[in-house]
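# Structure at a glance
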Amino acid sequence: MTPPQLRLDVRRTGREGRIVEIALAVPSDLGYVGEAVELVATQCRDAPLSPRRLRFNLRTALAEALANAIAYGNRHDAAKLVRVRVEVLADAVRIHVTDDGDGFDPARVPDPTVPENLERENGRGLFVLRHLVDSVSFNDKGNDLCLILRAG
Amino acid sequence: MSFSVKKDQRGGTGAGGVVVVGVDGQLIVGNRQELKQKVLDALESGAKKFVIDFTRTGYIDSSGLGVLVSLSKKIREQGGDLRLAGLNEDLQTLFELTKLDTLFSILKTPEEAVAAF
């Protein structure tokens, strides 16, 4: 069976058709992460981010957020989708990643840089995210992540 | 995104050579198993010296970092060594902030990494 294609919904504004919002629903399969990241990043060309931050920070942060939502939020359940909504503002890019899971408490994630955790294969996602973007916040339930990359 | 595997015989011929794996594009949750399998296959065939070359890599997520940690452990258990090379400034920063720069031997270029064995 051919896997479903990812489809972006893009909202534009003004006579030049500048992209202001991008929406994407991603099946809960980690194999989609790379393609989803490229689709979104390519549409962010009007975003007020340097080429370097667009190439590295935005892509890595979105890959982290999607992987967490698919694996820990939706627990790889093929019937569930992860929803991505990107707002391209004049002074920032705001990314929302929402899953159908029960959420989690980010305060309970252990520090991956202490010696006893350094050789663990997993557990660096949230730590890396916090260093890549200017703001990381969750809704109360913990299943909706909001990332902000400010202009620059 | 793909991986290239080549054998550099400067460190010795046959199993004594250095396996250089190039990461083209990104190393993330969706392709990390492919890299892991390529390295484990070479390890199984007797290779002991490995360089992972990130010269052509755009980004690495935490799953990619995790697979490198896991491979490094497996290679060390077999008496081998894994080195990393070609990290750009952003990737170098990623290793530093996660303190993984203390776990890996990181060289500037793949040529330097091969020569250092």
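Residues numbered from 1 in each chain as written. Chains lettered and ligands numbered in written order. Predicted model: local features only at pLDDT ≥ 70, side-chain atom pairs only at ≥ 80, totals over all residues.

Here we take up the nonpolar core. Val33, Val40 and Leu66 of chain A are the most contacted members of the largest nonpolar core, which has 70 residues in total. Take this core: its biggest share by element is 10 residues, from helix 2 (residues 51-73) of chain A. Val33 of chain A has contacts with Ala63, Leu66 and Ala67 of chain A together with Ile28, Val29 and Gly30 of chain B, leaving out every residue within four places of it along the chain. (Core = buried A, V, L, I, M, F, W, Y, C linked by C-beta atoms within 7 Å. Buried ≥ 20, exposed ≤ 12 C-beta atoms within 10 Å, placed from the backbone. Helix = DSSP H or I, 4+ residues; strand = E, 2+ residues; numbered from the N terminus. Contact = placed C-beta atoms within 7 Å.)

Further remarks concern helix 3 (residues 125-132) of chain A. Among all positions of helix 3 of chain A, only Gly125, Val128, Leu129 and Leu132 of chain A are buried. When helix 3 of chain A is viewed along its axis, its buried side chains cluster within an angular range of 105 degrees and face the same direction. In this fold, the buried residues of helix 3 of chain A make contact with helix 2 and strand 5 (135-138) of chain A together with helix 2 (62-77) and helix 3 (89-97) of chain B. (Arc of directions from axis to C-beta.)

A few words on unusual backbone geometry. In this model, Arg75 of chain A sits at a positive phi of 50 degrees, which is unusual for a non-glycine residue. We classify Arg75 of chain A as partly exposed; it has 13 C-beta atoms within 10 Å. Notably, Lys99 of chain B is not glycine yet its phi reads approximately 65 degrees, a positive angle. Topologically, Lys99 of chain B is positioned in the loop between helix 3 and strand 6 (105-107).

Working note: a packed helix pair is described by the angle between its axes plus the distance between those axes. All names here are of chain A. Where helix 2 meets helix 3, the closest approach of the two axes is 9 Å, and the angle between their N-to-C directions is 150 degrees. Our classification of the angle between helix 2 and helix 3 gives roughly antiparallel. Between helix 2 and helix 3 the crossing geometry is left-handed. Within the contact between the two elements, helix 2 uses Asn57, Thr60, Ala61, Glu64, Ala65, Ala67 and Asn68 and helix 3 uses Gly125, Val128, Leu129 and Leu132. Of the residues that constitute the contact of helix 2 with helix 3, the class distribution is 6 nonpolar, 4 polar and 1 charged. (Axes fitted to C-alpha atoms, helices over the stretch in contact; angles between N-to-C directions. Parallel < 35°, antiparallel > 145°, perpendicular 65-115°, else oblique. Left-handed = near helix turned anticlockwise from the far one by under 90°. Nonpolar A, V, L, I, M, F, W, Y, C, P; charged D, E, K, R; others polar.)

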